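For reference, the chains in residue letters:
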Amino acid sequence: QVHLVESGGGLVQPGGSLGLSCAASGSIEAISAMGWHRQAPGKQRELVAGITNGGSTNIADPVKGRFTISRDNAKNTVYLQMNRMKPEDTAVYYCFAEVLPNGGSWGDYWGQGTQVTVSS
């Protein structure tokens, strides 16, 4: 059993900030990468940011310079700090992790999603 639990989300004004966190738990041997996707109304799900356990990051152009991704490998936790937020950041944000379960094979796992709304 592998579970990803997200925390954060909510309503924020344009220009404001919000932080998300996601913790993986269960029978885990290793995690190679964690990060975030989002899906806005009427749009396809897209990558927001990802980070490997070695610290390499991949930040999507629409959020580059505004969002920061970080992780705590010892706690199997990834964070997303969102600054100077815009209405177009409104979406459901989904955490993901590339996980090797104990005694299993590599696979992708997803959190439950959390709503982020940027509005006045």
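Shown above is the structure to which this text applies.
Residues numbered from 1 in each chain as written. Predicted model: local features only at pLDDT ≥ 70, side-chain atom pairs only at ≥ 80, totals over all residues. Heavy atoms only, no water.

A few words now on the pairing of strand 3 (residues 18-26). Across six bridges, strand 1 (residues 2-7) lies against strand 3 in antiparallel orientation. Bridge pairing links Ser 7 to Ser 21 in strand 3. (Pairing = 2+ DSSP bridges. Helix = DSSP H or I, 4+ residues; strand = E, 2+ residues; numbered from the N terminus.)

Phi at Asn 76 is positive, roughly 50°, even though this residue is not glycine. Examined against the element boundaries, Asn 76 turns out to sit in the loop between strand 7 (67-72) and strand 8 (77-82). Given a relative accessible area of 24%, Asn 76 falls into the partly exposed group. For Arg 84, which is not a glycine, the phi torsion comes out positive at approximately 45°. Relative to the assigned elements, Arg 84 resides in the loop between strand 8 and strand 9 (91-101). Arg 84 gets classed as partly exposed once you look at its relative accessible area, which sits at 48%. (Buried < 20%, exposed > 50% of the residue type's maximum accessible area, 1.4 Å probe, protein only.)

What follows is about the environment of Tyr 109. Of note, Tyr 109 is situated in strand 10 (residues 107-110). Sequence-wise, Tyr 109 and Arg 66 are 43 residues apart; in three dimensions their C-alpha atoms are separated by 26 Å.

Considering all chains together, one arrives at one aromatic pair under this definition. An angle of 50° between the planes, with centres 5.7 Å apart, marks the rings of Phe 96 and Trp 110 as tilted. Pair noted here: Phe 96 is in strand 9 and Trp 110 is in strand 10, with a separation of 14 residues, a long-range link. Take Phe 96: its relative accessible area is 11%, and that puts it in the buried class. For Arg 45, the ring lying beneath its charged end belongs to Tyr 94, and the centroid distance is 3.8 Å. Here Arg 45 stacks its cationic end above the ring of Trp 110, 5.5 Å away from the centre of that ring. (Phe/Tyr/Trp six-rings, centres within 6.5 Å; stacked < 30°, edge-to-face > 60°. Lys NZ or Arg CZ within 6 Å of the ring centre and 35° of its normal.)

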